[in-house]
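This is what each chain is made of:
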Amino acid sequence: MSSAVSVTDATFKDEVLDSEVPVLVDFWAPWCGPCRMVAPVVEEIANEYDGKVKVVKVNTDENSAVASQYGIRSIPTLMIFKGGQKVDLLVGAVPKTKIEATLDQFL
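First things first, this report covers the structure right here in the doc. (Residues numbered from 1 in each chain as written. Predicted model: local features only at pLDDT ≥ 70, side-chain atom pairs only at ≥ 80, totals over all residues. Heavy atoms only, no water.)

1. Quick look at unusual backbone geometry
Apart from glycine, the bulk of residues carry a negative phi angle, and the bulk of peptide bonds sit in the trans form.
Point 1. With an omega dihedral of 0 degrees, the bond running from Ile-75 to Pro-76 counts as a cis peptide bond.
Point 2. Within the secondary structure, Pro-76 sits in the loop between α3 (64-69) and β4 (77-82). (Helix = DSSP H or I, 4+ residues; strand = E, 2+ residues; numbered from the N terminus.)

Structure follows, in structure tokens:
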């Protein structure tokens, strides 16, 4: 079972912007090879940071409004939100250690 929650244009505000904890947003698409490479890492982080960080996934093909709003031009893009604001982002299939180091700054 996936720990990362799928978020849509309609649920983005409730799930991400209104979250009490920092949120890692994985902007991805099913056809994207690097997205498939980073997906297991995102799942591991969702499990390991459970309760400290919310991890969500946004399919950019199906939810273009949010992707466009945040200027997503390359996927995968991992964006970190805290207190309803974008605080950091990582583009591409980055290593787990880099994602963790970036997340840890906001905990």
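Next comes the rest of the account.
2. Some remarks on the sheet that holds strand β3 (residues 54-59)
Point 1. Reading across from one edge, β1-β3-β2-β4-β5 is the order of the 5 strands in this open sheet, with mixed pairing throughout. In this open sheet, the two edge strands, each paired with only one partner strand, are β1 (5-6) and β5 (85-91).
Point 2. As paired strands, strand β2 (residues 23-28) and β4 are joined by 5 bridges and run antiparallel to one another. Each residue of the ladder has a partner; that of Val-23, found in β4, is Phe-81.
Point 3. Seen against the sheet, helix α2 (residues 33-48) touches β2, β3 and β4 and runs at an angle of roughly 155 degrees to β3. (Pairing = 2+ DSSP bridges. Contact = heavy atoms within 4.5 Å. Axes fitted to C-alpha atoms, helices over the stretch in contact; angles between N-to-C directions.)

3. Structural notes on the state of the cysteines
Point 1. With the rule as written, the count across this model stands at 1 disulfide.
Point 2. Covalently, Cys-32 is tied to Cys-35 through a disulfide, its sulfur atoms 2.3 Å apart. Residues Cys-32 and Cys-35 are joined through a disulfide that is right-handed, its torsion about the S-S bond being 80 degrees. The pair Cys-32 / Cys-35 is uniform in exposure class, with both members buried. (Disulfide = S-S within 2.5 Å. Buried < 20%, exposed > 50% of the residue type's maximum accessible area, 1.4 Å probe, protein only.)

4. Looking at the pairing of β3
Point 1. Extensive coverage of β3 is indicated by the burial of 5 of its 6 residues.
Point 2. Across 2 bridges, the pairing between β1 and β3 is parallel. Within β3, the residue paired with Ser-6 across the bridge is Lys-57.
Point 3. Where β2 and β3 come together, 6 bridges link them in parallel fashion. Bridging across to β3, Val-23 finds its partner in Lys-54.
Point 4. Following the backbone out of β2, through α2 and into the adjacent parallel β3, one traces a crossover that is right-handed. (Right-handed = clockwise from strand over helix to strand, strands pointing away.)

5. Regarding the nonpolar core
Point 1. Ranked by internal contacts, the top residues of the largest apolar core, which has 18 residues, are Phe-12, Val-25, Phe-27 and Phe-81.
Point 2. No other element matches β2, which puts 3 residues into this core.
Point 3. Residues in contact with Phe-27, not counting those within four places in the same chain, are Phe-12, Val-58, Thr-60, Val-66, Ala-67, Ile-72, Ile-75, Pro-76, Thr-77 and Met-79.
Point 4. Of all hydrophobic cores here, the second largest spans 17 residues; its members include Ala-4, Val-42, Ile-80 and Ile-99. (Core = buried A, V, L, I, M, F, W, Y, C linked by side-chain atoms within 4.5 Å.)

6. A few points about α2
Point 1. Here α2 contains 16 residues, and its C-alpha end-to-end distance of 24 Å stays within 8% of the 22 Å for a straight helix at 1.5 Å per residue.
Point 2. Its maximal kink placed at Ala-39, α2 deviates by approximately 30 degrees, while the proline Pro-40 follows within four residues.
Point 3. The complete set of buried residues in α2 reads Cys-35, Val-38, Val-41, Val-42, Glu-43, Ile-45 and Ala-46.
Point 4. Structurally, α2 contributes buried residues whose contacts are with β2, β3, β4 and α4 (96-104). (Expected span 1.5 Å × (residues − 1). Bend = angle between axes of the 7 residues up to and from the residue.)

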